[in-house]
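A closer look at the structure
As a plain string of letters, each chain reads:
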Amino acid sequence: MTVLVDLVSKKMAVNRLSPAYVAHNIVDDILRFTLAYNPEGAMSFSLGPSSRWWFVLLSIGTLFVLLYMYRQTPRDDRLQIASIALICGGAVGNLLDRIKSPRGVVDFIDIGIGSHRFWTFNLADLAVTLGTVLLTWILCIRAARDEHSMATVPGGSPTPAPALGRTRIDEPN
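1. Observations regarding the overall build of the chain
On a plain count of helices and strands, the chain comes out with 4 helices and 4 strands. The proportion of buried residues among the 173 residues of the chain is 29%. Sequence separation of at least 24 residues holds for 60% of the intrachain contacts in the chain that already meet a minimum separation of 6. For the chain, the exposed area adds up to about 11400 Å²; of that, 67% sits on carbon and sulfur atoms.

This is the structure:
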């Protein structure tokens with residue numbers, strides 16, 4: 001769903017906001033829609049003249065890591081699954097732009113006040129950001145809970161929890 005919404009919003013931006021780099025005020029000058037193309041990474045981070053292809057490879061690698069995380073996530077953990085889905089959807093949306101055009105990723109959401117502007121972004125970027133914040137929050141809460149439970153094990157030193165999907169050697173199968 002994230003990929004579809006992203007693709008449709010970018011198509012609308014290209015069709016309705018052309019030419020590029022002309023601001024269209026939506027809420028005064030705080031929220032504007034400004035068509036822009038970003039051949040680099042988030043916040044115009046560059047990896048040199050081959051940025052496009054490095055970011056394609058980085059996106060594909062990230063998707064494999066997220067696939068692994070998804071496969072390790074219990075089916076009833078809907079919040080973690082949703083966070084991974086948001087990140088993957090946004091990554092795929094921007095990956096398709098990078099593969100499709102040397103101009104780069106289509107961005108159009110422009111927020112700020114006057115000349116003090118945030119980087120122009122798109123719905124894929126928003127999905128990646130929200131998913132990453134949510135996943136980070138989930139993992140930090142779990143790590144703190146696991147650390148607390150290990151510290152309160154009665155009768156001696158805590159035993160670390162087994163890795164996801166594995167059993168400890170001293171546990172019967």
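After that view of the structure, there is still more to cover.
2. Quick look at the confidence of the model for the chain
The predicted coordinates ought not to be read in detail in places where the model reports low pLDDT. Overall, the prediction assigns the chain a mean pLDDT of 87, with 86% of residues at 70 or greater. Of all secondary-structure elements in the chain, the lowest mean pLDDT belongs to helix H4 (residues 123-151), at 92, while helix H1 (residues 2-17) reaches the highest, 97.

3. Things to note about the nonpolar core
One finds Val56, Leu63, Leu66, Ile84, Ile87, Cys88, Ala91, Leu95 and Leu135 forming the largest nonpolar core, which totals 9 residues. Those elements giving two or more residues to this core turn out to be helix H2 (51-72) and helix H3 (78-100). Sorting elements by how many residues they give to this core places H3 first, with 5 residues. Beyond its immediate chain neighbours, meaning those up to four positions away, Leu135 contacts Met69, Gln80, Ser83, Ile84 and Ile87. Counting residues in each nonpolar core, the second largest holds 8 residues, with Ala13, Leu17, Leu35 and Phe121 among its members.

4. Side note on the sheet that holds strand E4 (residues 116-117)
Across the sheet, which stays open at both edges, the 4 strands sit in the order E1-E2-E3-E4 with antiparallel pairing between neighbours. Where the open sheet ends on each side, the last strands, each with one partner, are strand E1 (23-27) and E4. Strand direction decides the pairing type here: strand E2 (residues 31-38) and strand E3 (residues 105-113), joined by 6 bridges, are antiparallel. Paired with Leu31 across the two strands is Ile111, which belongs to E3. Sheet strands touched by H1: E1, E2 and E3. Its angle to E3, the strand with the most contacts, is close to 75 degrees.

5. Let's talk about the pairing of E3
Counting buried residues in E3 gives 7 out of 9 residues, a clear majority hidden from the surface. Between E3 and E4, which pair antiparallel one after the other, the connecting turn spans 2 residues, and Gly114 there sits at a positive phi close to 60 degrees.

Conventions adopted
Residues numbered from 1 in each chain as written. Predicted model: local features only at pLDDT ≥ 70, side-chain atom pairs only at ≥ 80, totals over all residues. Heavy atoms only, no water. Helix = DSSP H or I, 4+ residues; strand = E, 2+ residues; numbered from the N terminus. Buried < 20%, exposed > 50% of the residue type's maximum accessible area, 1.4 Å probe, protein only. Contact = heavy atoms within 4.5 Å. Areas by Shrake-Rupley, 256 points an atom, 1.4 Å probe, with all protein chains shown as cover. pLDDT = per-residue confidence, 0-100. Core = buried A, V, L, I, M, F, W, Y, C linked by side-chain atoms within 4.5 Å. Pairing = 2+ DSSP bridges. Axes fitted to C-alpha atoms, helices over the stretch in contact; angles between N-to-C directions.

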